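Read off the chains here:
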Amino acid sequence: MTNYDIIEKLYNEKNLSDEELMQLIQTSEYDKKLFEKADSRRREIYGDEVYLRGLIEFTNYCKNNCYYCGIRRGNSNAVRYRMTKEEILSTCRKGFELGFRTFVLQGGEDPFFTDEKICQIVSEIRSKFPECAITLSIGEKSRDSYRAYFEAGANRYLLRHETASEAHYKKLHPHEMELENRKRCLFDLKEIGYQVGAGFMVGSPFQKAEDIFSDLRFLKKLEPDMIGIGPFISHRDTPFEKYENGSLELTLRLIAILRLLFPYANLPATTALGTIHPQGRELGLKAGANVVMPNLTPVEERKKYLLYDNKICLGEDSAQCRGCVERRAESVGYRVVTSVGNAKRPIEI
Ligand code: SAH
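Rules used in this analysis
Residues numbered from 1 in each chain as written. Predicted model: local features only at pLDDT ≥ 70, side-chain atom pairs only at ≥ 80, totals over all residues. Heavy atoms only, no water. Near = heavy atom within 4 Å. Polar contact = N/O pair within 3.5 Å; in protein donor to acceptor, adjacent residues only side chain to side chain. Areas by Shrake-Rupley, 256 points an atom, 1.4 Å probe, with all protein chains shown as cover. Pairing = 2+ DSSP bridges. Helix = DSSP H or I, 4+ residues; strand = E, 2+ residues; numbered from the N terminus. Contact = heavy atoms within 4.5 Å. Axes fitted to C-alpha atoms, helices over the stretch in contact; angles between N-to-C directions. Buried < 20%, exposed > 50% of the residue type's maximum accessible area, 1.4 Å probe, protein only. Expected span 1.5 Å × (residues − 1). Core = buried A, V, L, I, M, F, W, Y, C linked by side-chain atoms within 4.5 Å. Left-handed = near helix turned anticlockwise from the far one by under 90°. Nonpolar A, V, L, I, M, F, W, Y, C, P; charged D, E, K, R; others polar. Disulfide = S-S within 2.5 Å.

Novice: For this particular structure, what's the right way to read the site of the ligand?
Specialist: The ligand sits among 17 residues. The nearest are Tyr68, Gly107, Arg160, Glu162 and Ile233. At 2.5 Å, a side-chain N or O of glutamate 162 approaches an oxygen atom of the ligand. Here leucine 307 contributes a backbone N or O atom positioned 3.4 Å from a nitrogen atom of the ligand. Coverage of the ligand by the protein chains reaches 91% of its 560 Å² of free accessible surface.

Here it is as structure tokens:
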């Protein structure tokens, strides 16, 4: 089949054979058509609405040592910080006043934040902002921990699987980290009742088309509510400092494929995408993304949460970021909204 026909089929059937999917991942010939189809599916389901998530990077301590990540424990050049519960709450307050109705608490895997502390933070946010979604993105935990956070009031969880291929996973992580456990976490989270977000980096070192194919098939099994992808970007103080960044073109193509495979998923146009190209996030929206995640982290801490080099928006405060993404979304024909932004499910349509 030609790519043209493959895109038509994907649009109509929301799936492809293995061969067709591999072909689409690897060829750019009809990208323009692919983006148009993805945008039309996106508009059918989410209209021109762009959902906002307020990102709060509350700790950059991490006990893990992922080869790609700038806040890995082995990076002794990282200047470490933790926000206090009061700082986190006042950041939420500011965010709320700016119209944010989702707070994403993201951090390294920091043992200082015990389950008890996380639950206290979550339940205070829950009681002060009852109509808001609370998203956690704090890595791999036990099922009991996930349950405790859920009972405290968290309702979404972001945990990118990073790569669904066993061999590739081993090349990105030290031996003590297991893909099996990351997958277990995702299924536990789902079972507990979270809206779950998975995802992967595009163009991470050693990634092959086959690995991306496995990512897409794994996502079909998981059926997450959110899928976050962004280009790999090297960080100078990591073992991957010399590896090339992921490409804009492939990231956009994959966003579009994801929109057509998962019409109802929330797909963010990520900060990493905005970092490799000045209009990366706008292009992401045009290729099928429907979420942006402006940074609410206070500027002093923000400068230290460096997962990769040249991260954007380090100097602006949360109000400026809010205004900036609003203008960017409007410049390409979309509209930022302040609703809580749950993933739509066929039943709600
Ligand atoms: N500790 C949490 C949060 C990790 S940071 C967790 O384990 O889920 C959030 C995401 O940033 C990661 O899942 C990874 O996909 C991405 N990331 C990390 N380093 C990166 C890099 N160098 N380039 C691009 N994305 C990166």
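Novice: Please clarify how the sheet that holds strand E8 (residues 291-292) should be interpreted in this entry.
Specialist: Sheet strands associate in pairs through backbone hydrogen bonding, adopting either a parallel or an antiparallel arrangement. The strand order E8-E1-E9 describes an open sheet built from three strands, whose pairing is parallel. A single partner strand is all that each edge strand has here, and the edge strands are E8 and strand E9 (335-337). Of the pairings in the sheet, the one linking strand E1 (residues 49-52) to E9 comprises three bridges and is parallel in character. The residue of E9 that forms the bridge with tyrosine 51 is valine 337. Those strands touched by helix H14 (residues 318-331) are E1, E8 and E9, and its axis lies near 140° from that of E9.

Novice: Would you mind showing me how to read unusual backbone geometry here?
Specialist: As a rule of thumb, non-glycine residues mostly have phi less than zero, and peptide bonds are mostly trans rather than cis. One non-glycine residue, lysine 14, lies in positive phi territory at about 60°. For lysine 14, the position within the fold is in the loop between helix H1 (3-13) and helix H2 (18-26). With relative accessibility at 34%, the residue lysine 14 sits in the partly exposed group. The backbone phi angle of phenylalanine 206 is positive, close to 75°, even though this residue is not glycine. Among the structural elements, phenylalanine 206 can be located in the loop between strand E6 (195-202) and helix H9 (209-222).

Novice: What's the story with the side chain of arginine 253 in this structure? I'm lost.
Specialist: Within the secondary structure, arginine 253 sits in helix H10 (residues 248-261). Separated by 3.0 Å, the side chains of arginine 253 and aspartate 31 make a polar contact. Residues contacting arginine 253, with those up to four places away along its chain left out, are Leu24, Ile25, Gln26, Thr27, Ser28, Asp31, Leu34 and Phe35.

Novice: Help me out: how do you make sense of helix H8 (residues 179-192) in this one?
Specialist: Residues separated by three or four positions in an α-helix point in the same direction, a consequence of the helix having 3.6 residues per turn. Between its terminal C-alpha atoms H8 stretches 20 Å, which fits the 20 Å expected from 14 residues at 1.5 Å a residue. One or two residues past the end of H8 sits glycine 193, with phi positive at roughly 120°.

Novice: It is not clear to me how the nonpolar core should be interpreted in this structure. Could you clarify?
Specialist: Counting 95 residues, the largest nonpolar core has Phe103, Ile125, Tyr149 and Ile257 as its most contacted members. Counting residues per element, this core draws most heavily on H10, at nine residues. Apart from the residues within four sequence positions on either side, phenylalanine 103 is in contact with Gly54, Ile56, Cys92, Gly95, Phe96, Ile125, Phe129, Cys132, Ala133, Ile134, Thr135 and Leu296. Ile45, Tyr46, Tyr51 and Ala343 belong to the second-largest nonpolar core, a separate cluster that totals six residues.

Novice: Sorry if this is basic, but what is going on with the packing of helix H6 (residues 143-152) against H8 here?
Specialist: When two helices pack together, you describe them by how their axes are tilted relative to each other and by the distance separating the axes. Orientation of H6 relative to H8, taken along the N-to-C sense of each, is 35°, at an axis distance of 10 Å. As for how H6 packs across H8, the hand of that crossing is right-handed. Where H6 approaches H8, its residues Arg143, Tyr146, Arg147 and Phe150 are matched on the opposing element by Arg184, Cys185, Asp188, Leu189, Glu191 and Ile192. Its residues placed into classes, the contact of H6 with H8 shows five nonpolar, no polar and five charged.

Novice: Even after reading the chapter, I still don't get the state of the cysteines, so can you show me in this structure?
Specialist: A covalent bond between the sulfur atoms of two cysteines is referred to as a disulfide. Under the definition given, this model contains zero disulfides. In this structure cysteine 132 is not part of a disulfide, and its nearest cysteine sulfur, from cysteine 92, lies 8.0 Å away. For cysteine 132, a relative accessible area of 3% translates into the label buried. The closest cysteine sulfur to the non-disulfide-bonded cysteine 324 is located on cysteine 313, 6.0 Å from its own sulfur.

Novice: Where do I start with the sheet that holds strand E2 (residues 54-59) in this structure?
Specialist: An order of E2-E3-E4-E5-E6-E7 is seen for the six strands of this open sheet, with the pairing classed as parallel. Looking at the sheet topology across the chains shown, the edges are occupied by E2 and strand E7 (226-231). For this sheet, the mean inter-axis angle between neighbouring strands, taken without regard to orientation, is 20°. Where E6 lies against E7, six bridges are found, and the strand directions are parallel. Counted as the bridge partner of phenylalanine 200 is isoleucine 229 from E7. H10 rests against E6 and E7 of the sheet, and its axis sits at about 165° to E7.

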